[in-house]
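Architecture at a glance
Listed below, chain by chain, are the residues.
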Amino acid sequence: MNKTAIIIPSRLDAVRLPNKPLELINNKEMILHVYEAAKKTNSGDVYVATPDKKIIDLVNDNGGKAVHTSLDHQTGTDRVYEVFKNQLKSLPSIIVNLQGDMPNIDPKAITNLISYMREE
């Protein structure tokens, strides 16, 4: 199986910039910029992994997929793994952990990474 999933960990409780995912950039929340860049790759399913209802509601209200994760995770990678294991049942062979604070990421960079990973 060569299924790909892009999982974006995101949370509101950051120490340096609380509520960062909801900061507006050109009248759109940062997390939505990242989600849309991931969707533009057409590389697989895209999920936002978050413990925060505000993020879940925002993503879902804008046609995206958000998964509620535990509050106890120490890192975003822990959130990504929870979605991989519980939501996706460990099925995708390629997981991209796309950081939620990269609103200017070029979708081509994500596509290139996935292509490279598929080459093993």
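Before any of the text, the structure's been laid out above.
Thresholds applied
Residues numbered from 1 in each chain as written. Predicted model: local features only at pLDDT ≥ 70, side-chain atom pairs only at ≥ 80, totals over all residues. Heavy atoms only, no water. Phe/Tyr/Trp six-rings, centres within 6.5 Å; stacked < 30°, edge-to-face > 60°. Helix = DSSP H or I, 4+ residues; strand = E, 2+ residues; numbered from the N terminus. Buried < 20%, exposed > 50% of the residue type's maximum accessible area, 1.4 Å probe, protein only. Core = buried A, V, L, I, M, F, W, Y, C linked by side-chain atoms within 4.5 Å. Contact = heavy atoms within 4.5 Å. Pairing = 2+ DSSP bridges.

Here we come to the packing of aromatic side chains. Inspection of the entire model under this criterion finds 1 aromatic pair. Ring geometry for tyrosine 81 against phenylalanine 84: centres 6.2 Å apart, planes inclined by 45°, an arrangement best described as tilted. With tyrosine 81 and phenylalanine 84 both in helix H3 (residues 76-87) and 3 residues apart, this pair spans about one turn of that helix. Given a relative accessible area of 17%, phenylalanine 84 falls into the buried group.

Attention now moves to the nonpolar core. Counting residues in each nonpolar core, the largest one holds 22 residues, and the members touching the most others are Ile6, Ile8, Val48 and Leu98. When residues of this core are traced back to their parent elements, those giving at least two are strand E1 (4-9), helix H1 (30-40), strand E4 (45-50), helix H2 (53-61), strand E6 (94-97) and helix H4 (107-118). The greatest single-element share of this core, amounting to 6 residues, is contributed by H1. With residues up to four places along the chain from it excluded, the contact list for isoleucine 8 reads Ile31, Val34, Tyr35, Ala38, Val46, Tyr47, Val48, Ala49, Leu98, Gln99 and Gly100.

So, on to the pairing of E1. The element E1 is extensively covered by neighbouring structure, given that 6 of its 6 residues are classed as buried. The two faces of E1 match: Thr4, Ile6 and Ile8 on one face and Ala5, Ile7 and Pro9 on the other face are all buried. Where E1 meets E6, 4 bridges bridge the pair, whose relative direction is parallel. Paired with threonine 4 across the bridge in E6 is isoleucine 94. Bridge count between E1 and E4: 5 bridges; the pairing is parallel. The residue bridging alanine 5 from the neighbouring strand is aspartate 45, located in E4.

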